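Given next are the chains, with one letter for each unit.
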Amino acid sequence: MVLSSLASRLSPLASQFAAPYRAARSRIDRWRLQTRGAETGSIVLVQRRIFILPSRYGMIYIGALFLMLTGAVNYSLSLGFVLTFLLAALGVNSILHTFRNLAHLKIVPGRVQPVFAGDHAHFMLAIDNPGALDRFSIAITPGGGVTVYTDVPARQSVSTSVAIQAPRRGILMPGRLTIWTNYPLGLCRAWAYAEPEVRCVVYPRPEAAHIPLPLPAAHAGLGIAHGSGQEDFAGLRSYHPGDSPRQIAWKAAARGQGLLTKQFSGRIDTEMWLDWQDTPDALGVEGRLSRLARWVIDAQIAGISFGLRLPGVTVPPEPGKAQHDRCLEALAFYQSGAQPG
Amino acid sequence: MTATLDRLHSRHVGWLLLALVMVVAPHVERVPWWVTLLALTLLGWRIYIMHYGLQLPRKWLLLLVAAGALGGVYISYGRILGRDPGITLLLIMLSLKLLEMAVLRDAMILIFICYFLVITNFLYSQSIATALYMLCVVWMITASMIGFQFRTSQPGYKHQLRSAGIMLLQSAPLMLVLFVFFPRIQGPLWGMPQDAFAGRSGLSDEMSPGSVSRLILSDAIAFRVSFESKIPPVNQLYWRGPVFWDFNGYTWSARRAPYLAVREYRALSDPINYTVTVEPHSRRWLFALDLPARIPERSLITSDFQLLHQTTVTNRFRYEMTSHLNYRNNAELGSYESRRALQLPPNTNQRSAELANKMRRAAGDERTYISSVLEMFRKQNFFYTTTPPPLRENPVDEFLFSTRAGFCEHYASAFAVLMRSAGIPARIVTGYQGGEVNTVGNYLTVRQADAHAWVEVWLINDGWVRIDPTAAVSPARIEAGVMAAVPASETLPMLRQEYAWLREARLTLDSISNSWNQIVLGYSQDRQRQIMRQVGIEDATWRSMATFMVVATGAITLVLAALMLRKLRALRPDPVVIAYTRFCRRLARRGLTRHASEGPDAFCRRACSARPELAPAIGSISALYIRLRYGDATQNAAQALDATKLRREVADFKA
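No experiment lies behind these values; they were computed from the predicted model shown.

Thoughts on the overall build of chain B
Okay, so step 1: Within chain B, the regular secondary structure consists of 23 helices and 20 strands.
Okay, so step 2: The buried share of chain B, reckoned over its 655 residues, is 50%.
Okay, so step 3: Pairs at least 24 residues apart make up 73% of the contacts formed inside chain B by residues separated by at least 6 positions.

Examining the interface of chain B and chain A
Okay, so step 1: Facing the 65 residues of chain B at the interface are 63 residues of chain A.
Okay, so step 2: Taken together, the two surfaces of chain B and chain A that pack against each other cover about 5,900 Å², and 73% of this comes from carbon and sulfur.
Okay, so step 3: The interface formed by chain B and chain A holds 0 salt bridges in total.
Okay, so step 4: Applying the counting rule to chain B against chain A returns 10 residue pairs in polar contact (both at pLDDT 80 or more).
Okay, so step 5: For the side of chain B that touches chain A, the secondary structure elements donating two or more residues are α6 (104–121), α7 (128–147), α8 (157–181), α17 (500–521) and α19 (542–564) of chain B.
Okay, so step 6: The dominant element in the side of chain B that touches chain A, judged by the number of residues it contributes, is α8 of chain B, at 10 residues.
Okay, so step 7: A class-by-class count of the residues in the side of chain B that touches chain A yields 44 nonpolar, 15 polar and 6 charged.

Concerning the pattern of salt bridges
Okay, so step 1: Inspection of the entire model under this criterion finds 29 salt bridges over all chains.
Okay, so step 2: Close ionic contact of Arg309 of chain A with Asp275 of chain A constitutes a salt bridge, the shortest N to O distance being 3.2 Å. Remark: Asp275 of chain A occurs in strand β15 (residues 271–275) and Arg309 of chain A occurs in strand β16 (residues 305–310); sequence separation between them is 34 residues.
Okay, so step 3: Taking the relative accessible area as the measure of exposure, Arg309 of chain A reaches 30% and is therefore partly exposed.
Okay, so step 4: Overall, Asp275 of chain A belongs to the buried group, its relative accessible area being 9%.
Okay, so step 5: Notably, a salt bridge pairs Lys97 of chain B with Asp106 of chain B, separated by 3.5 Å at the nearest N-O pair. In terms of burial, Lys97 of chain B and Asp106 of chain B fall into one category: buried.
Okay, so step 6: Beyond isolated ion pairs, a larger network of salt bridges with shared partners links Lys59, Lys97, Glu100, Arg105 and Asp106 of chain B.

Here's the deal with the confidence of the model for chain A
Residues and elements named next belong to chain A.
Okay, so step 1: When the pLDDT values of chain A are averaged, the result is 80; 80% of them are 70 or greater.
Okay, so step 2: Here residues 1–5 is modelled with pLDDT under 50, and outside its nearest four sequence neighbours on either side it reaches 0 contacts, counting other chains as well.
Okay, so step 3: Of the regions scoring below 50 in pLDDT, residues 217–230 engages in 22 contacts with residues more than four places distant in sequence or in other chains.

Focus: the nonpolar core
Okay, so step 1: Among the nonpolar cores identified, the biggest contains 94 residues, and Leu87 of chain A together with Ile111, Phe112, Tyr115 and Val118 of chain B are the most heavily contacted of them.
Okay, so step 2: Counting residues in each nonpolar core, the second largest holds 76 residues, with Ala222, Leu237, Trp252 and Val396 of chain B among its members.

Notes on the environment of Ser213 of chain B
Okay, so step 1: Following the sequence through the fold, Ser213 of chain B ends up in the loop between β1 (206–207) and β2 (221–227).
Okay, so step 2: When near neighbours in sequence (up to four residues on either side) are disregarded, Ser213 of chain B contacts Thr386, Pro388, Phe407 and Glu409 of chain B.

Some thoughts on the state of the cysteines
All names here are of chain B.
Okay, so step 1: Summed over all chains, the structure comprises 0 disulfides over all chains.
Okay, so step 2: Its sulfur unpaired, Cys604 is 4.0 Å from the next cysteine sulfur, which belongs to Cys608.
Okay, so step 3: Note on Cys608: relative accessible area 19%, which makes it buried.

Looking at the sheet that holds strand β12 (residues 200–203) of chain A
Residues and elements named next belong to chain A.
Okay, so step 1: Strand order in the open sheet formed by 3 strands is β4-β12-β9, with mixed pairing between adjacent strands. Of all strands in the sheet, those bounded by a partner on one side alone are β4 (115–116) and β9 (170–172).
Okay, so step 2: Across 2 bridges, β4 lies against β12 in parallel orientation. Its bridge partner being in β12, Phe116 is matched across the sheet by Tyr203.

Observations concerning the packing of aromatic side chains
Okay, so step 1: A full pass over the atoms with the stated rule returns 34 aromatic pairs over all chains.
Okay, so step 2: Summarising the aromatic geometry, the rings of Phe399 of chain B and Tyr411 of chain B are spaced 5.0 Å apart at their centres and angled 85° between planes, so their arrangement reads as edge-to-face. Pair noted here: Phe399 of chain B is in helix α12 (residues 395–403) and Tyr411 of chain B is in helix α13 (residues 408–421), with a separation of 12 residues, a long-range link. Neither residue differs from the other here; Phe399 of chain B and Tyr411 of chain B are each classed as buried.
Okay, so step 3: Three or more aromatic residues joined by ring pairs form one cluster here, namely Phe223, Phe227, Trp239, Tyr274, Phe287 and Tyr432 of chain B.
Okay, so step 4: We note Arg309 of chain A situated over the ring of Trp273 of chain A; from NZ or CZ to the ring centre the distance is 4.0 Å.

With respect to the sheet that holds strand β2 (residues 51–54) of chain A
Residue and element names in this part refer to chain A.
Okay, so step 1: Spatially, β2-β11-β10-β6-β7 is the arrangement adopted by the 5 strands of the open sheet, whose pairing is antiparallel. Looking at which strands have only one partner, the edges of the open sheet turn out to be β2 and β7 (148–152). Ignoring strand direction, the axes of neighbouring strands in this sheet form an average angle of 30°.
Okay, so step 2: Sheet analysis places β2 next to strand β11 (residues 188–194), joined by 4 bridges and oriented antiparallel. For Phe51, the partnering residue across the bridge sits in β11 and is Trp191.

Focus: the pairing of β11 of chain A
All names here are of chain A.
Okay, so step 1: Here β11 lies mainly inside the structure; 6 of its 7 residues are buried.
Okay, so step 2: By the bridge criterion, 5 bridges tie strand β10 (residues 177–181) to β11 in an arrangement that is antiparallel. Each bridged residue has a counterpart across the sheet, and for Leu177 the counterpart in β11 is Ala194.
Okay, so step 3: Here β10 folds back onto β11 in antiparallel fashion, the turn holding 6 residues, of which Gly186 has a positive phi close to 80°.

With respect to the packing of helix α6 (residues 284–302) of chain A against helix α7 (residues 321–333) of chain A
Residue and element names in this part refer to chain A.
Okay, so step 1: At a closest axis distance of 10 Å, the pairing of α6 and α7 adopts a crossing angle of 180°. Compared by their axis directions, α6 and α7 come out roughly antiparallel. Counting all contacts with α6, which are made through Leu289, Leu292, Ala293, Val296, Ile297 and Gln300, the residues of α7 involved are Lys321, His324, Cys327, Leu328 and Leu331.
Okay, so step 2: In the contact of α6 with α7, the residues fall into 8 nonpolar, 2 polar and 1 charged.

Considerations on α7 of chain A
All names here are of chain A.
Okay, so step 1: When the terminal C-alpha atoms of α7 are compared, their 18 Å separation across 13 residues agrees well with the 18 Å that a helix rising 1.5 Å per residue should span.
Okay, so step 2: Those residues of α7 that sit buried are Gln323, His324, Cys327, Leu328, Ala330, Leu331, Ala332 and Phe333.
Okay, so step 3: Where α7 is buried, its residues meet β4, β9, β12, α6, β16 and β17 (313–318).
Okay, so step 4: The positive-phi residue at the C-terminal boundary of α7 is Gln335, with phi of around 55°.

Comments concerning the environment of Val577 of chain B
Okay, so step 1: Within the secondary structure, Val577 of chain B sits in helix α20 (residues 575–589).
Okay, so step 2: Along the chain, Val577 of chain B and Leu628 of chain B lie 51 residues apart, while their C-alpha atoms are 9.7 Å from each other.

Thoughts on the pairing of β17 of chain A
Residue and element names in this part refer to chain A.
Okay, so step 1: Sheet topology places β16 next to β17; 4 bridges connect them, and they run antiparallel. In the sheet register, Leu310 faces β17, and the bridge partner there is Val313.
Okay, so step 2: Taken together, β16 and the strand that follows it, β17, pair antiparallel across an intervening segment of 2 residues, in which Gly312 is found at a positive phi of about 90°.

Digging into the confidence of the model for chain B
Residues and elements named next belong to chain B.
Okay, so step 1: In the predicted model, chain B carries a mean pLDDT of 82, and the fraction of residues at 70 or more is 90%.
Okay, so step 2: Mean pLDDT values over the elements of chain B span from 42, in helix α1 (residues 2–6), up to 93, in α7.
Okay, so step 3: With pLDDT under 50 throughout, residues 1–5 is counted as low confidence; its partners more than four residues away or in other chains account for 4 contacts.
Okay, so step 4: Taken as a whole, residues 491–495 scores under 50 in pLDDT and shows 11 contacts with residues more than four places along the chain or in a different chain.
Okay, so step 5: If you check the scores for this complex, the pTM reads 0.67 and the ipTM reads 0.74.

A closer look at the environment of Gly431 of chain B
All names here are of chain B.
Okay, so step 1: Along the chain, Gly431 turns up in strand β16 (residues 426–433).
Okay, so step 2: Taking the relative accessible area as the measure of exposure, Gly431 reaches 0% and is therefore buried.
Okay, so step 3: For the pair Gly431 and Phe287, spaced 144 residues apart in sequence, the C-alpha separation works out to 7.4 Å.
Okay, so step 4: Not counting the four nearest positions on each side in its chain, Gly431 is found in contact with Leu203, Trp239, Gly241, Asp450, Ala451, His452 and Trp454.

Definitions and cut-offs
Residues numbered from 1 in each chain as written. Chains lettered and ligands numbered in written order. Predicted model: local features only at pLDDT ≥ 70, side-chain atom pairs only at ≥ 80, totals over all residues. Heavy atoms only, no water. Helix = DSSP H or I, 4+ residues; strand = E, 2+ residues; numbered from the N terminus. Buried < 20%, exposed > 50% of the residue type's maximum accessible area, 1.4 Å probe, protein only. Contact = heavy atoms within 4.5 Å. Buried area = accessible area lost by both parts, 1.4 Å probe. Salt bridge = Lys/Arg side-chain N within 4 Å of Asp/Glu carboxyl O. Polar contact = N/O pair within 3.5 Å; in protein donor to acceptor, adjacent residues only side chain to side chain. Nonpolar A, V, L, I, M, F, W, Y, C, P; charged D, E, K, R; others polar. pLDDT = per-residue confidence, 0-100. Core = buried A, V, L, I, M, F, W, Y, C linked by side-chain atoms within 4.5 Å. Disulfide = S-S within 2.5 Å. Pairing = 2+ DSSP bridges. Phe/Tyr/Trp six-rings, centres within 6.5 Å; stacked < 30°, edge-to-face > 60°. Lys NZ or Arg CZ within 6 Å of the ring centre and 35° of its normal. Axes fitted to C-alpha atoms, helices over the stretch in contact; angles between N-to-C directions. Parallel < 35°, antiparallel > 145°, perpendicular 65-115°, else oblique. Expected span 1.5 Å × (residues − 1).

Written out as C-alpha cells, the structure reads:
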C-alpha cells in the first residue's frame, strides 16, 4: 500500500527528471567517448581531456599490496606496514606523475605528403612542451595503426610522424589519435584523444604494369616514342612513390643522398592528352583511374607536356611536377565528392 | 610490433638483477647452501645469455630444475609449507623466473616479487639497520622499474635514481598518515606456521644444569624498563619469571600453578611504578619485579606470582607494572603445595641428603640452617663460573662434592635440594637479575645474559622468603652484574667488555634503538587510540579512523598535486610573441596602434603605407612573425632560425 502510493507520487517526479537525466547522460557519454569531431589547429591536452586509470600492472600491484598488508597484519610486522604504505603512497604518487607527463602538451598538426592508395600516409605532428618539465615516453597510437613513442624535453617541440595506411583514393584524415603514457612507473595509463583536422590527398594507385602512353599522334599529330623523353638528362628530383626503378639515381643513393629520380627532357613542344576515353571500359572506374595515374607519372618522367581529360574535368597540358600533382589530384577527387582541401 | 617494443633492454635487465641481488642478499645466511648456489648459477646463466644475446632456455628444462629444487627443499626442511621453506621456494622461483624473462610483463612481475621479498626480510629483523638497507633496496627496485618505461631514449642511471628518490620522498607524508591512522587489526589472522617465531633465545619452561648459563653469551635484549621515579638499586632488581616446583633429580619443571584470585601479601615498602617493553620470546610469561602488585591487561597471575599473558608473546609490547620490593608473602601453605615443595626423587643425590640431615641437626632451627648452608657456599671452595664442568646422573652430589664450580642454576638447584632434604619447603624461581642502566635514555635494559635463578623457601612466620645462594658465592654478580662476577679469562661478547667510549656509544645506540622500538615497531592498536585521543577523537572506532585517514590522504594528495602540476604551462610567454609585441609598441609610440581586431598581415599593410620608409623592415618582421605563428611547426630548425632572426630585427627596428 505504502509502496504503491509512494511509487505513484514519485512517477511524475521521475518523468520530470528524465529529460535532464538524458541530457546529462549524453553529455557524459560525449565526454567519455570524446566524440568532439575533428579539430582544426593545435590541440592542447588540457586537464579535462586527460583520462587516467591503473594499467594492467597497476592492478597486479594493488593485488600485491593487499597480500603484503595481510602479511604485515598476520605477523604484526610494523616495518611491513611501513613498506606497504610507502608503496601504496608511491602508487598514488605515480598517478600524479603519469598525469603530469601528459598534461598541457600541445599537439600541432603539420604537413602531410600526398600518397598513393595502399601506401602509408605519414602525418607529421609536432608535440610542443611549453612547460619546464621534461616529458618521457609519450606514445601516439592511431586507430588501427602503429604506436610511435617520443620524448619531449622541456620548452621544446618535437616532431614525429604517424603512419596510417590509405585504403582508397580521395581524402584521408588521421582520425582519432590516442596520445598516452605509462611513464614513470607503468602502474597507471594516462590518455587523451585528439582528432586533428589534417587532410591527406590519396592518389589512385598507379597500375603496376607499364602500359605504353597513348600515342599523342592520335590527338596532336606529333610523333613521339615512349622512350624519347629518356634521352637528354635534365637533372634530379626527389623520389616519389611510383617512379620507375630504372630512373632512380642509384649512384646518388649510394653516396647517401637519398633516393633521387633522374629527369630527362623531351621536346618542350611535345603535347599529349591523357584521356579517360583512351582507357578501356573493362577496367572499371578505379581501374581506368589507375591507368591514367600510371600515364601521368610516366608522362611527367618523360618530360612531356601533358593534359588530362576526365568526364567533367579538364586539365590543360603543361609539363612538370606541378602538373603531375594537379592531374593526380584530379584523379584522386574524381567523382568522390570531396574537394581538394 | 608491440612485442618488439616490449622486448627488454639488457641495461634495464642489469638494473633489475642488481636490485634482486640486493633484496636476496640478507636471506643467504638463512637458506640452505645449495639454494644460494642454485640461485647464483641461474643468475650467472642469465647474465651469460644476456651478454652473448643467446636464446632463453626451454621451458621443460626450467620445469625440471623447479621440480628438483622442490624436492631439495623437502629434503632440507622436511616440509614444503611454513615460513622458512616458503621463502626458500620463493627465492628459487624468482631465480628461475630470471631465465624466463623475455618481455616487459615478466620484468614487472619480477619487480613485484622483489617488493614482496623486502617484506619477508622483516620477518627476521626489523632493526634500524635493516630498515635503512631495505629503503635502499626499495629505491633500487623503483629506479629499475622507471627504466623499463623508457621506450626511445636511454636515460642515465642518475636520472633513474633521482626520479625514484623524488617519488619516494614525495610518498613519505602519505605513508606517514597511513601508518598512523590505518585502522590496525591485532594479528594473527590465522594459525601461524610452527616456525613463525623460531630461534628466539630466552628462559625456558624447565631448568637443568647449563640451561641458564647458555644464555650468558647472548647479548639479546629481554626487555626494557622505564621507571616512573628513581631506578632502585641493582641488587634489589629481581625480575620474576617462571617458578619451578618439580624436580626429577636432574631437571626442574612445573605444571602450571592455579590462577590466583586473591593475592595474599603485605607490602612493607612504597609501590614502584614502571613500564616494561618486553621483546617477543614465544612464551606466555611476563616479567615484573618481585613482588608484582598488579596484573597487566590481557594477563593473569598464578598463585606463585607468575604473570602470564593470555597468548604467547610474539610481538614486542608494553605493559604498566607496580611492584613492592619489600613485602611479606604470608600465604598459607596447603597440603598439596607443601607436598610439592618438599618432593624429591628417591635414590638420587643421596650424599646431598645426608649432608643436609647432618647440617640441619647441627643447626637447630631453620634460619640457622639456611645461614649455615649459605656459609658453606661462601667459605668453602665454591666457584662462580659461566663454563661449569658438565654434570651427569646425580648433578647435585657431583656439584657439591666434586666439581664445586657452577652458575646460578647449579647453586639454586643444590640449595633447593638441601632445603627440601631438611624438610624446608623450597621452590626455584627463574627470571632476570639486575640490568644495565642506560644513562642516555634513562631506562634499564635487561638482557638474556642477565638471566638468573634463585630459591624461595617457606618459613612458618614469614611465608615464602627469597634466598639467593649465588649472592653468597659471588656477591659481585648481584651488586654489579654478571660482567664483574666472571673471571676475565672467560669469553664474553665483545660488546659487554668495558671501554668508556664503547660503553657510551653502546648506550646511545641502544637508546636510539629503544625509541625506534617504542615509536615505530611498538605502534599498536592501543597507541593508535592514544594518538586519536590526542587529536581529539575520543573512543575511536575503526570507522572514524578510516574517515580521518581518507580525509588526510585526500588533503595530502591535493597539496602534492598542486605542487607538482605547477610547471606544466609556459612560465613566460613565447619569445616570438614578446618580440612582436615590442615591435608593435615601438610603432604605437609613433602613432601607429594595432587594433585588437587587426591581424598581423593587415597591420603590416597599413603600417607600410603610413611609413613607406620603414616598409622593408616592417614587411620582413611581419612575414617572420606570420611564418612563426601560423607556419609549419614541425620544421624545428627553420623555426628556431626564424625566431632568432625576428628577435634581431625587432631589436634593430627604430620607428
